[in-house]
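# Reading the structure
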Amino acid sequence: MATTRDSFSSSSSSCSVPAGDGVNPPSTGVTDPSSAIDFLSLCHCLKTTKRTGWVRKEIKDPESIADHMYRMGLMALIASDIPGVDRNKCIKMAIVHDIAEAIVGDITPSDGISKAEKSQREREALDHMCKLLGGGSRAQEIGELWSEYEENSSPEAKVVKDLDKVEMILQALEYENEQGKDLEEFFQSTSGKFQTEMGKAWALEITSRRIKQG
């Protein structure tokens, strides 16, 4: 496993990836302080790496990956109850779904990287981060949440996939209002792709407001 961020991605970020000591504690709910701080220091990159789509559209002071995940977490927190969906699991999934981007950066379709290659890079990064955390039950939980989201394999994953799109178009609307940008492509990219009634309703509310604002 490589130990520098550049080895995982072509991102220009200067974030470095701690190698860790390679010693995993027992699989309990106890997190070793050294492993925790190594992991959290790496997650700092999520706060400093700007979302690629906004950078390419020359948005002034664009949001970071962490900004995006934080509001998704709030969305999951305030969402109405849905039968068969664990809201707490959705909150957790929202705050870890892009966590591998601390290493690989925010890879988008315009980067010319295949979905398979993107998935492989992110999986390797996620595995490294889980090992850095110590490989115990907390790391296992993060890995399982991330995989479930990537595979869209549960009701919670479908909700969070929708929240990912809803947060993006809400941010697009805000940038249009604040900076006078035309960000139609972001709305087009999500059109017809929502999987849940909640996602469809929230997206409709956003697009309706956009139309009214003209």
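What counts and what doesn't
- Here the residue index of a chain counts from 1 through its sequence in written order.
- pLDDT decides what is reported in this predicted model: residues at 70 or higher carry local features, side-chain atom pairs at 80 or more are listed and counted, and totals for whole chains, interfaces and linings draw on all residues regardless.
- For side-chain calculations, the full set of non-hydrogen atoms in the structure is used, while hydrogens and water are omitted.
- Fitting a line to C-alpha atoms yields each axis, with helices limited to the stretch in contact; the angle taken between N-to-C directions then spans 0 to 180 degrees.
- Labels follow the DSSP assignment, with helices taken as runs of H or I lasting at least four residues and strands as runs of E lasting at least two, numbered in each case from the N terminus.
- Each angle is binned into one of four classes, with values under 35 degrees roughly parallel, values over 145 roughly antiparallel, values of 65 to 115 roughly perpendicular, and all other values oblique.
- Contacts were defined at the residue level, with two residues in contact if any of their heavy atoms lie within 4.5 Å.
- We define a salt bridge as a side-chain nitrogen of Lys or Arg found within 4 Å of a carboxyl oxygen belonging to Asp or Glu.
- The buried label applies to any residue whose accessible area, calculated with a 1.4 Å probe on protein chains only, is under 20% of its type's maximum; exposed applies above 50%, and partly exposed to all values in between.

## As for the packing of helix H4 (residues 65–78) against helix H5 (residues 87–96)
- Across the interface, H4 lies against H5 with an axial gap of 8 Å and an inter-helix angle of 175°. With respect to each other, H4 and H5 are oriented roughly antiparallel. Note on element contacts: H5 touches H4 through Arg 87, Cys 90, Ile 91, Ala 94, Ile 95 and Val 96, opposite Met 69, Met 72, Gly 73, Ala 76 and Leu 77.

## Description of the pattern of salt bridges
- Here the structure, examined in full by the defined rule, presents 14 salt bridges.
- With a closest N to O distance of 2.8 Å, Glu 167 and Arg 71 form a salt bridge. You can see Glu 167 sitting in helix H9 (residues 155–179) and its partner Arg 71 sitting in helix H4, a full 96 residues away along the chain.
- What makes Glu 167 buried here is its relative accessible area of 1%.
- Across the salt bridge formed by Arg 210 and Glu 176, the nearest N and O atoms sit 2.8 Å from each other. Remark: Glu 176 occurs in helix H9 and Arg 210 occurs in helix H11 (residues 197–213); sequence separation between them is 34 residues.
- Looking at Glu 176, the relative accessible area reads 13%, which means it is buried.

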